[in-house]
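So you can see what is in the structure, the chains are spelled out below.
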Amino acid sequence: MDLPVEYIAFAAIYRNAAGFCNLRLKEELDSFGRTLQTELAHIYTDAVELTARTAQLGAYFVGDGCYGEPGSDSAGPGAMPDIVDFTEIICFGMAGDGSQFCFDYRGGRSAPSVILWDDDYWRKIANSFEDFLLLFSR
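Now for a look at the structure at hand. (Residues numbered from 1 in each chain as written. Predicted model: local features only at pLDDT ≥ 70, side-chain atom pairs only at ≥ 80, totals over all residues. Heavy atoms only, no water.)

### Examining the pairing of strand S4 (residues 100–104)
Moving on, step 1. Burial runs high along S4: five of the five residues are buried.
Moving on, step 2. As judged from the five bridges shared by strand S3 (residues 89–94) and S4, these two strands associate in the antiparallel manner. When the sheet's bridge partners are listed, Gly93 is paired in S4 with Phe101.
Moving on, step 3. The antiparallel hairpin formed by S3 and S4 contains five residues in its connecting segment, where Gly98 sits at a positive phi of about 95 degrees.
Moving on, step 4. Sheet topology places S4 next to strand S5 (residues 113–117); four bridges connect them, and they run antiparallel. The residue bridging Phe103 from the neighbouring strand is Val114, located in S5. (Buried < 20%, exposed > 50% of the residue type's maximum accessible area, 1.4 Å probe, protein only. Helix = DSSP H or I, 4+ residues; strand = E, 2+ residues; numbered from the N terminus. Pairing = 2+ DSSP bridges.)

### Some points on the packing of aromatic side chains
Moving on, step 1. Evaluated as defined, the whole model comprises 19 aromatic pairs.
Moving on, step 2. Ring centres of Phe10 and Phe129 lie 5.8 Å apart, and the angle between their planes is 65 degrees; on these two criteria the pair is classed as edge-to-face. Highlighted residues: Phe10 in helix H1 (residues 5–14) and Phe129 in helix H3 (residues 129–133), separated in sequence by 119 residues.
Moving on, step 3. Residue classification places Phe129 among the buried positions, given a relative accessible area of 2%.
Moving on, step 4. Measuring from ring centre to ring centre gives 5.4 Å for Phe92 and Phe129, while their planes differ by 85 degrees; the resulting arrangement is edge-to-face. Remark: Phe129 occurs in helix H3 and Phe92 occurs in strand S3; sequence separation between them is 37 residues.
Moving on, step 5. Using a relative accessible area of 0% as the deciding quantity, one classes Phe92 as buried.
Moving on, step 6. Grouped by ring-pair contacts, the aromatic residues Tyr7, Phe10, Tyr14, Phe92, Phe101, Phe103, Tyr105, Phe129, Phe132 and Phe136 constitute a single cluster. (Phe/Tyr/Trp six-rings, centres within 6.5 Å; stacked < 30°, edge-to-face > 60°.)

No statement about biological role is implied by the geometric values presented.
Here's what the structure looks like:
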């Protein structure tokens with residue numbers, strides 16, 4: 001796993017707290033100025049948990065006649081097409097409501113963007129983990 005160095009340093013801070021960080025947004029906005037209501041409740045701090053949580057995505061998010069079908073895109077802020085292939089996605093954390101934060105390496109990116117499952121759609125919320133951390137009070 002090729003993880004951003006900023007993530008590795010951040011995870012090390014919360015390793016002794018079993019990954020629980022409970023960070024609140026400074027403002028209810030993502031890195032692009034779009035409305036965002038979330039918090040970073042838990043971060044996965046080791047490769048075993050990152051691998052397990054990422055593997056679960058493929059089981060949870062499958063094409064079912066609605067999700068993953070052409071034309072099923074959401075109109076929500078920052079909405080992305082449904083993801084059914086998670087080979088270039090790494091799940092790294094969770095919001096208080098259970099929504100997943102992930103790194104998105106699709107398109108051959110060496111530095112991943114950060115995406116979030118926002119109730120019923122995936123959305124891009126930051127271009128990098130560094131930009132993602134700037135959203136939260138610490």
